[in-house]
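Examination of the molecular architecture
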Amino acid sequence: MPADALKCKECSTTYPLEARYVCDRCFGPLEVAYSPPTSSPEELRRRIQAGPHTLWRYADFLPLEGPPRSALPTGWTPLVRADRLAQRLGLGELWVKNETANPTHSFKDRVVSVALARAQELGFQTIACASTGNLANAVAAHAAAAGLPSYVLIPADLEEEKILATGAYGTNVVAVKGNYDAVNRLCTELAGERDDWAFVNVNVRPYYAEGSKTLAFEVAEQLGWELPDRVVAPVASGSLFTKLARAFEEWIECGLLEGEVPAMNGAQAEGCSPVAQAFAAGTSICRPVKPDTIAKSLAIGNPADGPYAVELAQRTGGGIDAVTDDEVRAGIRLLAETTGIFTETAGGVTTAVLAKLAERGDIGADERVVLCVTGDGLKTIDVVRDTFAVTEIEPRVEEFDRALSRPGGLATAFGSAGAAI
Ligand SMILES: [Zn+2]
């Protein structure tokens, strides 16, 4: 499926495939447009299956001249059958897409892989980004692997784990006194000043966004070339959420999949839920908010793709829901104790929204549901502090036995997360 232009999402004006992200005529966002594939579905499938066990197996559906010769291997993360979580929530067939298995432990490795590869094709020598944390991790790592200098701009109040895990790669960490929306504004200005820098989520954003499609391609391939009925995914800018659906659409259009785009359910934290609020109000206009939530990786108060996320949820019979920070903590716990997957706050948001949908009876008993867990719990380790007890004993057997025989034994202080949701 050759990429042949950048196209305005609003007025359909087309532009060459260069570093450009906004329409000159209407200021709408640009995205990559492809011409229909010339190969049969069988040939497309054969080419995918002959590819590497990374996201580059989907190179035919990415806006690149070719896959990069060397890059940090990304994607092909596990799709895990989650029977115990399904049982706890009273659901039928539930799968968890475990994006913590990427090189820097979040789905952002996908978007950065594609943005960086395209930036190199376009001749950029310096990589930068505005980030809520996971993107900074990924840019620092992938730029290091490519041997390019990088600059990551982050809100100064970011979780320390994410700052440390970013600086470790030898990038230039710039902490901006302000929230993500301030960081993003600054990067937009900087991208105008420094046209020899590729800001992965600003001036090469149309390519960056395409990387998210590979998550959905993998889900479909891992389900045996079938579609799920429903996907639950986090919404920050709305880019991941909308590109997942776009990926399913592309494969339906070219004959690789049969059926309809799944019901798309978006997940936000109440402390930053402009898209959920718009959905609830029945409008696609997302009024900007000032974020205040433990789910910092989703704390985008002015989401660029918010209106498209609302429209997608409406069109597919899904929805956009928001959960409280306490529900987020309970979601992290619930996922961990039923699947063995420890997620960061964003995954807690997504799991808590899944629990809410299940409780409301919004999910049919025969539905095949995919829950997208986008990042690793070690990135936001602080939020699980004091949610369980640690029993300290002297190194003697009778001490152990005494601790065990106390009322409640060694049970956690937190109790069952299922009850808290
Ligand atoms: Zn336009």
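In what follows, the structure referred to is the one given above.
Attention here is on the structure that accompanies the text. (Residues numbered from 1 in each chain as written. Predicted model: local features only at pLDDT ≥ 70, side-chain atom pairs only at ≥ 80, totals over all residues. Heavy atoms only, no water.)

**Focus: the overall build of the protein**
The criterion, for reference: Only DSSP runs of H or I covering at least 4 residues are called helices, and only runs of E covering at least 2 are called strands; the numbering of each starts at the N terminus. Throughout, radius of gyration means the C-alpha value; the globule benchmark is 2.2 Å times the number of residues raised to the power 0.38. Residue burial is assigned from relative accessible area. The probe radius is 1.4 Å, only protein chains are included, and a residue is buried under 20% of its type maximum, exposed over 50%, and partly exposed in between.
Of regular secondary structure, the protein possesses 15 helices and 13 strands. Since a compact globule built from 421 residues should have a radius of gyration of about 22 Å, the 21 Å found for the protein is in line with a globular shape. Seen through its principal axes, the protein has C-alpha atoms that stretch 75 × 45 × 45 Å. Burial statistics for the protein: of 421 residues in total, 54% are counted as buried.

**Details of helix α13 (residues 345–360)**
Note the threshold: Here the expected length of a helix is defined as 1.5 Å per residue gap, with one fewer gap than residues.
Its 16 residues place the ends of α13 22 Å apart at the C-alpha level, agreeing with the 22 Å of an ideal helix rising 1.5 Å per residue. Positive phi shows up at G361, right after α13, with a value of about 75°.

**Comments concerning the environment of G192**
Examined against the element boundaries, G192 turns out to sit in helix α6 (residues 180–193). Overall, the relative accessible area of 61% leaves G192 in the exposed class. Taking C-alpha positions, G192 is 39 Å from G317, a pair spaced 125 residues apart along the chain.

**Some words on the pattern of salt bridges**
Heads up, the condition is: Salt bridge criterion: a side-chain nitrogen from Lys or Arg within 4 Å of a carboxyl oxygen from Asp or Glu.
In total, this model carries 34 salt bridges according to the counting rule given. Between K162 and E159 there is a salt bridge, with the nearest N and O atoms lying 3.6 Å from each other. Each member of the pair, K162 as well as E159, carries the same accessibility label: buried. Two residues, E226 and R368, come together in a salt bridge whose shortest N-O distance is 3.0 Å. On the criterion of sequence distance, the pair formed by E226 in the loop between α8 (213–222) and β10 (230–234) and R368 in strand β13 (residues 368–373) is long-range, its members being 142 residues apart. Overall, E226 belongs to the partly exposed group, its relative accessible area being 40%. By relative accessible area, which is 16% here, R368 ends up buried. Each of the salt bridges in this network shares a partner with another, and the network as a whole consists of E31, E210, K213, K243, R246, E249, E250 and R315.

**Some thoughts on the packing of aromatic side chains**
Applicable threshold: Pairing of aromatic side chains requires ring centres within 6.5 Å, counting the rings of Phe and Tyr and the six-membered ring of Trp. Pairs whose planes differ by under 30 degrees are stacked, by over 60 edge-to-face, and all others tilted.
Evaluated as defined, the whole model comprises eight aromatic pairs. Arranged with centres 5.4 Å apart and planes meeting at 45°, the rings of Y58 and F217 form a pair that is tilted. Taken together, the positions of Y58 in the loop between α1 (41–49) and β4 (79–81) and F217 in helix α8 put the pair 159 residues apart, joining distant regions of the chain. A single burial state applies to Y58 and to F217, both of which are buried. With 4.5 Å between their ring centres and 15° between their planes, F217 and W251 make a pair best called stacked. Here F217 is found in helix α8, whereas its partner W251 is found in helix α9 (residues 239–253), with 34 residues between them in sequence. For F217, a relative accessible area of 1% corresponds to the buried category. Judged by relative accessible area, W251 falls into the buried class, the value being 0%. Among the aromatic residues, ring-to-ring pairing joins Y58, F61, F217, W225 and W251 into one connected group.

**So, the nonpolar core**
Put simply, the rule is: Only buried residues count toward a nonpolar core, which is a set of Ala, Val, Leu, Ile, Met, Phe, Trp, Tyr and Cys residues joined through side-chain atoms within 4.5 Å.
The biggest cluster of nonpolar side chains holds 71 residues, and the ones touching the most others in it are F61, V200, L244 and W251. Sorting elements by how many residues they give to this core places α9 first, with seven residues. Counting 46 residues, the second-largest nonpolar core is a separate cluster that includes W197, A352, L371 and V373.

**Description of the coordination of the zinc ion**
What counts here: Coordination shells were defined by N, O and S atoms within 2.8 Å of each metal, extended to 3.2 Å for Na, K and Ca; water is absent from the atom set, which can make sites look incomplete.
At 2.2 to 2.3 Å from the zinc ion lie its protein donor atoms, namely C8 (SG), C11 (SG), C23 (SG) and C26 (SG). Counting residues between consecutive donors of the zinc ion along the chain gives the motif C-x2-C-x11-C-x2-C. With a gap of 15 residues between them, C8 in strand β1 (residues 3–8) and C23 in the loop between β2 (14–15) and β3 (30–34) connect regions that are remote in the sequence. For the pair C8 and C23, one class covers both residues: buried.

**A word on the sheet that holds β1**
Using the following cut-off: A strand pair is defined by DSSP finding two or more bridges across the two strands.
Across the sheet, three strands lie side by side as β2-β1-β3; this open sheet has antiparallel pairing. Among the strands making up the open sheet, the edge pair consists of β2 and β3. Relative to β3, β1 runs antiparallel, the two being bridged by five bridges. Paired with L6 across the bridge in β3 is V32.

**Considering unusual backbone geometry**
Despite not being glycine, S12 has its phi angle at roughly 65°, a positive value. Structurally, S12 can be placed in the loop between β1 and β2. In this structure S12 comes out as partly exposed when scored by relative accessible area, which is 41%. The phi dihedral of D386 is positive, around 65°, even though this residue is not glycine. With respect to the helices and strands, D386 occurs in the loop between β13 and α14 (397–405). The exposure class assigned to D386 is exposed, which follows from its relative accessible area of 72%.

Purely geometric numbers; function is a separate question.
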